[in-house]
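Coordinate analysis (summary)
Each chain, letter by letter, is given below.
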Amino acid sequence: MKKTLLACAALIVWALIAGFAAQATAQTSLIPGYSTGSSDDAQDPSESELAAAIRAASDAGASVIVIDSAGRIVAGTGAGGQGTEHDVAHDPMGESSQLMKAQERFSKFRDSVASRLEALPYSIFEVQYILRETSPDGRIQTYVEVLILNIVFLLIGRWLSIEIYGKRIAKRIVVARSKENPEGYREKMPFLVFRFVMGVGATIFAMLMALVVGYLFFGEAEDISIQFTVTAIFTAYFLARTVSDLWRMVLSPYLSQYRLPPFSDRDAKRLYFWASSLATYDISVVLFSTWVADFGLNYNVYAMVYGSLTMLGAIGAVLLVLFNARAISNAIRGGRAPDKVSWLLRVLSYGWAPVLIVYMIFSWLKLAVDLVLENQGSVPIVASSYAIFMSVVIAYGAMNYLLERYFDRNRQIKALNTEAVDTELAATETPEAEKRKHTLLTYEDLARRVAGILAMVVGLYALVVIWNPEANWSDDLPVERALDVMVILFIGYILFHFFRIWIDSKIAEEEDDGSGEAELGDEGGEGGQSRLATLLPLFRGAILAIVVVTIVLIVLMEIGINVSPLFAGAGVVGLAIGFGSQTLVRDIFSGAFFLLDDAFRKGEYIDIGDVKGTVEKISVRSMQLRHHLGALNTIPFGEIKVLTNYSRDWVIMKLPLRVTYDTDVEKVRKLIKKLGQELLSDPVIGENFIQPLKSQGVIEMQDSAMIIRVKFMTKPGDQWLVRKKVYQDIRELFAREGIRFAHREVTVRLADGKEAEDLTPKQREAVTGAVQAAIDEDYLDDTGPGGDDR
């Protein structure tokens, strides 16, 4: 083994020496007057020694690889002297490093630039010769005259298009379709697209008028070079006007009510001027460079002209970004302050400008390198910026238009099947509208978010195809897995928000159908929400957790991780939790059975012995009760022994009335009955009664009063409002009818005929204590055992 390694090392050294020797021989052979002699007459000693070393290593069973001084593989043999080209081709040490390849490319680029600059004067002479030969009259100025004349003809055609087509045809049609306050994409997009089509028609009309004027003055051009030049000029005009109309459709600088992004009039006009001017310049540069190349002019001149002009275009694009960065960032945030949007949108609003500037600079550098090295498929700035951006904007606008049409149709159908919506209430829902701006609350919001993501993906895919049109991602396993993971995460994102929105909408429907919320500080007992509204928040957490766990497991399986041990580990962890946290398990199971028994619901007023209040929040192991005085209590389900619910079905309120012994009980009964009938028609509390107010007669005789009790039945939570009204009306009724309320009295009789003045201080304290005890006992008799202290 050691001999084999020594042999391989020796062969590598000999190969390097031989490579340097061969390179030196090759270089000296290029020197005039120098000759190395015939290969038949003499042989390099190093070559013979190298051949002998290769044969010896092959006989010893070693694989031989010969590398020259540049790091390239010259030859290779397997064990026994047989060539192993397959093994050599897959040897990682047999290929040049990326650093070496980059150095080679840079050297090639530098040498190419130097050679082209040296040949540039001769190339200019060649261009002049070709232009003179192709010109009809042998003058280069002929092409300049053709350019100026066609520009004049196009200006005339543009003027005729405005006066004839614009003012007499298009203006009447476009103005008839415009609205004062269009809403959303569904009303703006049709008008903008129609106006864009009319703008294209105006461009074609202007070109036809220019051709007619040119034909009237000069007739038909017969020279092929003049025809091609005119075609290039008209093509540049048509493309420039079309792109300008596209920007006009997006920015709507002169019709602010149809503007899609939230730009001010000043920002929209400035960005429109910059974008249209830069588009016109870039299109003119591309068409002029194409004209130079198709005329067969010298490539050096073509590369120099194209590279220099596109460099000015790249500088113009950078200036466009710098001068309009603030307005575009504000439009990305939707006109909101940075702290009012999500962190992702905030980062995007700040990071797009430097990324785009770096992209523009890098695009021009790559274009310059491709021009110098004559590489095919260079990346044009226009294609990588305007085409991608406009395709994304158009795709996003079209998807939003279709979404608005679909959801608006659904809203109209729903409005026909239900009662009319209160517009005043909808107009006052500003907090929800503010929250809606940066939260996915409806399926329409989710669809808009998905449309934006898909539009961005389309733009990124187009960008990748432009940069690397021959990319085959299916052959690259890591890239293919990364794409699959992103698709899975995207689907999981949609499913997560789909289920969340569905459950939230159901919760909102249940809350709207339920009774209104009680006022803060009320005494509780109001009717709670439905059972579905109580259970849905728990189901929401479970469903969303299942969706997230499922997506995570699919992603782990996609990247090649075995998830079977995770399930086994989850089982072991579950057993450990079950044995080690018995209290937690008891709380969870107790809560589950309470909810299955429908013992309480969210919003109901309950009493569990030591604590009472309104159920405000329900979790997996506990619930929170809000006392009517404001205290918030958290109670684990396992600690609940007895639960009293004050908010189910109905509630009876009994009110004791203390009257004097000379009161006519029958008269009181009739008066209470009449009052109960009157309260049924009361506009405030009449609908709250289930049974009317009635008298139960005398229920107790005390020393100083008769206790007459009245009662009524209402819906849970309404008894407190009704009680206030009943007390007020009974007091007014008794005052009108001369019925007196009895006050508490305690009579103390002193033994042996003593007077109160004869009592000692201790005797006075004893009497006072007895009186207080009698009053407390009387009060307890009125309220009864277990009475409500509310």
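Scroll up for the structure.
1. Brief notes about the pairing of strand 9 (residues 689-701)
Relative to strand 10 (residues 706-714), strand 9 runs antiparallel, the two being bridged by 7 bridges. Note that in strand 10 the partner of Gln691 across the bridge is Met713. Hairpin geometry of strand 9 and strand 10 is characterised by an intervening segment of 4 residues between the two adjacent antiparallel strands.

2. Things to note about the nonpolar core
For soluble globular proteins, nonpolar side chains are generally found buried alongside one another. Counting 28 residues, the largest nonpolar core has Trp247, Leu251, Phe263, Leu271, Ile283 and Trp352 as the members making the most contacts within it. Of all the elements in the fold, those that place two or more residues in this core are helix 7 (224-251), helix 8 (265-294), helix 9 (299-332) and helix 10 (343-373). Leave out the neighbours within four places in its chain, and Leu251 touches Arg259, Pro261, Phe263, Ala268, Leu271 and Tyr272. Listed in part, the 25 residues of the second largest apolar core include Leu154, Tyr237, Phe295 and Leu367.

3. Things to note about the side chain of Asp682
Turning to its location among the elements, Asp682 is positioned in the loop between helix 19 (665-680) and strand 9. For the buried residue Asp682, which engages in no salt bridge, the nearest side chain bearing the opposite charge is Lys725, 4.2 Å off. At 2.8 Å, the side chain of Asp682 and the backbone nitrogen of Val684 are in polar contact.

4. Some remarks on a nonpolar patch on the surface
Where nonpolar side chains cluster on the molecular surface, the patch consists of Val144, Leu147, Ile148, Ile151, Val152, Leu155 and Ile156 and spans about 580 Å² of accessible area. Of note, Val152 is situated in helix 5 (residues 141-177).

5. Structural notes on the pattern of salt bridges
Tallied over the full model, the rule gives 14 salt bridges. Between Arg241 and Asp245 there is a salt bridge, with the nearest N and O atoms lying 3.9 Å from each other. Note that Arg241 and Asp245 are positioned in helix 7 at a spacing of 4 residues, about one turn of the helix. Judged by relative accessible area, Asp245 falls into the buried class, the value being 5%. In this structure, Asp267 and Arg270 form a salt bridge, with 3.1 Å as the shortest nitrogen-oxygen distance. Of this pair, Asp267 and Arg270 both sit in helix 8, separated by 3 residues, roughly a single helical turn. Taken together, the shared-partner salt bridges connect Asp137, Arg139 and Glu145 into one network.

What counts and how
Throughout this description, residue numbers start from 1 for each chain and increase along the sequence as written. Local features in a predicted model are, by the rule used here, given only for residues with pLDDT of at least 70; side-chain atom pairs are given and counted only at 80 or more, and totals for whole chains, interfaces and linings are based on all residues. Excluded from the side-chain calculations are hydrogens and water; all other atoms, namely the structure's heavy atoms, are used. What makes two strands pair is DSSP finding at least two bridges between them. Under the DSSP-based scheme used, a helix requires at least four consecutive residues in state H or I and a strand at least two consecutive residues in state E, with every element numbered from the N terminus. We call a set of buried residues a nonpolar core when its members are Ala, Val, Leu, Ile, Met, Phe, Trp, Tyr or Cys and they connect through side-chain atoms within 4.5 Å of each other. Using a 1.4 Å probe on the protein chains alone, a residue whose accessible area is under 20% of its type maximum counts as buried, one over 50% counts as exposed, and one in between counts as partly exposed. A contact between two residues is defined here by any heavy atoms of the two lying within 4.5 Å. In this tally, Lys and Arg are treated as positive and Asp and Glu as negative; His is ignored, and so are the chain termini. By definition here, a salt bridge exists when the distance from a side-chain nitrogen of Lys or Arg to a carboxyl oxygen of Asp or Glu is within 4 Å. Pairs of N or O atoms are called polar contacts if they sit within 3.5 Å, as long as, within protein, a hydrogen donor faces a hydrogen acceptor (for residues adjacent in sequence, only side-chain-to-side-chain pairs). Only residues whose relative accessible area exceeds 30% and that form no salt bridge enter a patch; like-charged residues are grouped when within 9 Å of one another, and nonpolar side chains (Val, Leu, Ile, Met, Phe, Trp, Tyr) when within 5 Å. Note on areas: Shrake-Rupley with a 1.4 Å probe; residue coverage comes only from the protein chains shown.

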